[in-house]
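Residue-level listing of the chains:
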Number of protein chains: 2
Amino acid sequence: MAHSQGDDAGEMLIGDFARAVGSTKDTVRFYTRLGLLKAGERAAGQRHYAVYDQDQIDRFVFIEQCKALGFTLQEIGSAFREHEAGTLTALRQQEIMEAKLRSIEERIANLREAERKLRAKVERSGE
Amino acid sequence: MAHSQGDDAGEMLIGDFARAVGSTKDTVRFYTRLGLLKAGERAAGQRHYAVYDQDQIDRFVFIEQCKALGFTLQEIGSAFREHEAGTLTALRQQEIMEAKLRSIEERIANLREAERKLRAKVERSGE
DNA sequence: GTAGGGTGTGGACCATGGCCCACAGTCAAG
DNA sequence: CTTGACTGTGGGCCATGGTCCACACCCTAC
């Protein structure tokens, strides 16, 4: 493994982390800038290299799951901040999920409406 | 009507056109730059003012309908170009609509999948 | 002739989720 | 000691559908 020595409890540099989660360094940096991932620091000469551990892998996987559920990175970040502030109760989580559920249902309804109109047009043009 | 004299068969300046279709001058210019609307030209000193007629109003309405059906401005423009090239047969129109229908169905399926997962989570957290 | 409307052009900016590039420091192996 | 692979920073760019702004010109009414 390229640079992956010095495993202080599985800490790794960004490249290995990106490979581990099947993503890119740019994305990892992007998420880190947004506060979605927390990087440790390892001195490297006059500079610092970011290091990521298993927790961050879990976090990344969680983020991907949330994205698949339709949450934006913004929303995920805001939930993380609530979590850190200790205000993300089970009830609050449920509220968030139900709100998202409603917005998904709304989008489905809009798409279905478009589908209906479009189907009508196709059929009219077909006969 | 502010500037709306000199009606050469209902030609109007951009402001009146925008008001007529219930949109904004910026949007009208945007569509015009994209080639979705065709403006005539009226000399004004050293410059030219764009003029729009009834055909363009109809065009604008059509664009809005297409947007409501889920077509992007790009797609609409490309269809217009096919129309001008004379290649937009009824069959071709049907193809385009069916392709869009499929993409809408795909998006609905994705959203339903997210909805399903999310609902499962909400219920699990609810009990 | 001046104010107050209209207009065009060119550009920056918004959110979304990144990709890509250059430049420069770091580090290990040869 | 050089080569190659890695790293960070800072910036530009993509699509999408516009909004907003400044600056300059135009025209009409007073």
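The structure we're discussing is the one just above.
The following refers to the structure shown. (Residues numbered from 1 in each chain as written. Chains lettered and ligands numbered in written order. Predicted model: local features only at pLDDT ≥ 70, side-chain atom pairs only at ≥ 80, totals over all residues. Heavy atoms only, no water.)

### Re the sheet that holds strand E3 (residues 47-52) of chain A
Part 1 of the reasoning: The three strands are arranged E1-E3-E2 (chain A) in an open sheet whose pairing can be described as antiparallel. In the strand order of this sheet, the two ends are held by strand E1 (12-13) and strand E2 (40-44) of chain A, each with one partner. (Pairing = 2+ DSSP bridges. Helix = DSSP H or I, 4+ residues; strand = E, 2+ residues; numbered from the N terminus.)

### Examining the pairing of E3(A)
All names here are of chain A.
Part 1 of the reasoning: Relative to E3, E1 is paired through two bridges, and the arrangement is antiparallel. Note that in E3 the partner of Leu13 across the bridge is Val51.
Part 2 of the reasoning: As judged from the five bridges shared by E2 and E3, these two strands associate in the antiparallel manner. Paired with Arg42 across the two strands is Tyr49, which belongs to E3.
Part 3 of the reasoning: Between the end of E2 and the start of E3, which pair antiparallel, lie two residues, with Gly45 showing a positive phi angle near 65°.

### What about the protein's contact with DNA strand D?
Part 1 of the reasoning: In the vicinity of DNA strand D, 25 residues are found, and the nearest of them are Gly15(A), Thr27(B), Tyr31(B), Gln46(B) and Lys67(B).
Part 2 of the reasoning: A share of 68% of the atoms of DNA strand D within 4 Å of the protein falls on sugar and phosphate groups.
Part 3 of the reasoning: A distance of 2.6 Å is found between a phosphate oxygen of DNA strand D and a side-chain nitrogen or oxygen belonging to Thr27(B).
Part 4 of the reasoning: For the surface near DNA strand D, the secondary-structure elements that each account for two or more residues are helix H1 (14-21), helix H2 (25-33) and E3 of chain A together with helix H2 (25-33), strand E3 (47-52) and helix H4 (73-85) of chain B.
Part 5 of the reasoning: Looking at the surface near DNA strand D residue by residue, the class counts come to 10 nonpolar, nine polar and six charged. (Near = heavy atom within 4 Å. Polar contact = N/O pair within 3.5 Å; in protein donor to acceptor, adjacent residues only side chain to side chain. Nonpolar A, V, L, I, M, F, W, Y, C, P; charged D, E, K, R; others polar.)

### What to know about the sheet that holds strand E1 (residues 12-13) of chain B
Part 1 of the reasoning: Pairing is antiparallel in the open sheet, where three strands are placed in the order E1-E3-E2 (chain B). At either margin of the open sheet sits one strand with a lone partner, and together these are E1 and strand E2 (40-44) of chain B.

### Focus: the packing of helix H3 (residues 54-68) of chain A against helix H4 (residues 73-85) of chain A
Residue and element names in this part refer to chain A.
Part 1 of the reasoning: Contact pair H3 / H4: the axes reach a minimum separation of 10 Å and the direction vectors enclose 130°. In this view, H3 runs oblique relative to H4, as classed from their interaxial angle. Both H3 and H4 take part in a crossing whose hand is right-handed. Judged by residue contacts, Arg59, Phe62, Ile63, Cys66 and Lys67 of H3 engage Leu73, Ile76, Phe80 and Glu84 from H4.
Part 2 of the reasoning: Per-class residue counts for the contact of H3 with H4 are six nonpolar, no polar and three charged. (Axes fitted to C-alpha atoms, helices over the stretch in contact; angles between N-to-C directions. Parallel < 35°, antiparallel > 145°, perpendicular 65-115°, else oblique. Left-handed = near helix turned anticlockwise from the far one by under 90°. Contact = heavy atoms within 4.5 Å.)

### Digging into the interface of chain B and chain A
Part 1 of the reasoning: Opposite the 23 residues of chain B that make contact, chain A presents 23 residues.
Part 2 of the reasoning: Taking both sides of the interface into account, the surface hidden between chain B and chain A amounts to around 2400 Å²; carbon and sulfur atoms contribute 76%.
Part 3 of the reasoning: By the criterion of area lost to chain A, the three top residues of chain B are Leu69(B), Leu111(B) and Leu118(B), representing 26% of everything that side buries.
Part 4 of the reasoning: At the boundary of chain B and chain A, one finds two salt bridges.
Part 5 of the reasoning: Notably, a salt bridge pairs Arg119(A) with Glu105(B), separated by 2.6 Å at the nearest N-O pair.
Part 6 of the reasoning: Our enumeration of links across chain B and chain A arrives at two residue pairs in polar contact (both at pLDDT 80 or more).
Part 7 of the reasoning: Here the element with the most residues in the side of chain B that touches chain A is helix H5 (residues 90-126) of chain B; it accounts for 20 residues. (Buried area = accessible area lost by both parts, 1.4 Å probe. Salt bridge = Lys/Arg side-chain N within 4 Å of Asp/Glu carboxyl O.)

Note that every value here comes from positions in space, so none of it alone points to a role or purpose.
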